[in-house]
Amino acid sequence: QTFDQLESGTLEDIGSYLTSVLSPSDFEYLTIGGESAIFSGKDGGREEVVKAIYPQESQGPSREFFIWLKIWNSNRNVVTEPYECALSNAVVYFIQEKMEGNLLSLAEKEIRAKPFPVSSLVDIMLKMSRCVEAVHSSGVVHYDIKLPNFLYSRQPPAGTNGKNGEVSVKITDFGASNFLKGLSNGSTILYKSPEVFIKDKGGYSSDVFSLGISFWH
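Now for a look at the structure at hand.

Rules used throughout
Residues numbered from 1 in each chain as written. Predicted model: local features only at pLDDT ≥ 70, side-chain atom pairs only at ≥ 80, totals over all residues. Heavy atoms only, no water. Buried < 20%, exposed > 50% of the residue type's maximum accessible area, 1.4 Å probe, protein only. Helix = DSSP H or I, 4+ residues; strand = E, 2+ residues; numbered from the N terminus. Pairing = 2+ DSSP bridges. Polar contact = N/O pair within 3.5 Å; in protein donor to acceptor, adjacent residues only side chain to side chain.

## A closer look at the pairing of strand E9 (residues 166-171)
Among the 6 residues that make up E9, 5 are buried, leaving the element largely enclosed by the rest of the structure. The pairing of strand E8 (residues 150-155) with E9 spans 6 bridges and is antiparallel. Bridging from a neighbouring strand, tyrosine 152 pairs with valine 169 of E9.

Shown next, in the form of structure tokens:
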């Protein structure tokens, strides 16, 4: 019921942060998954994304948010910026920067739909690789590398207001992540490496496998 209310914009008590900056008309429902729902909103003039994690799935805000902060503090150019973490009525809310979209939507709308320069595609793939490298340099295995977890935005050419500039890429969603010796906290089947299938545990190479599937995708 809580998430039905949140999706329809009628929930009143959704944490001090959300009630202080968002009214029902500010909500834009983006997507819903097996463990969380994603909404966009505004804090003043700043657009941001709210990830609400189902109570039964939440292990408290500490693990995912700690891993996220650890990576972001060392690699701010390739990780989405975390703004705040809130807990209300057993629901955990992560508030982060909003980007233009994810690479799955970019692939569906542009890369597959019309001729896309090979040089631009290779550039995006290199930036995805740097994102994964940044996660690993912090001693973390992401465990859910896939196109929807790479976000992008365009940097308009100097002196213009357009959106056709260079594509910047950042990685997000550390809900399945763990430190190198830890178990996976869930992965997406299409991208999952064989060793994670077998024993729910892998290493940096597991992410590289998933990155290769993302490239193919």
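## Some thoughts on the side chain of lysine 51
Looking at where lysine 51 falls in the secondary structure, it is placed in strand E3 (residues 46-53). A polar side-chain atom of lysine 51 sits 2.9 Å from a polar atom in the side chain of aspartate 173.

## Looking at the pairing of E3
In terms of burial, E3 is a largely internal element, 6 of the 8 residues being buried. The sheet contact formed by strand E2 (residues 36-43) and E3 spans 8 bridges and is antiparallel. Among the inter-strand pairings, glycine 41 is bridged to a residue of E3, identified as glutamate 48. In this structure, the hairpin formed by E2 and E3 is closed by a connection of 2 residues, where glycine 44 is found at a positive phi of approximately 65 degrees. Across 6 bridges, the pairing between E3 and strand E5 (residues 91-97) is antiparallel. From the neighbouring strand, isoleucine 53 faces E5, where its bridge partner is valine 92.

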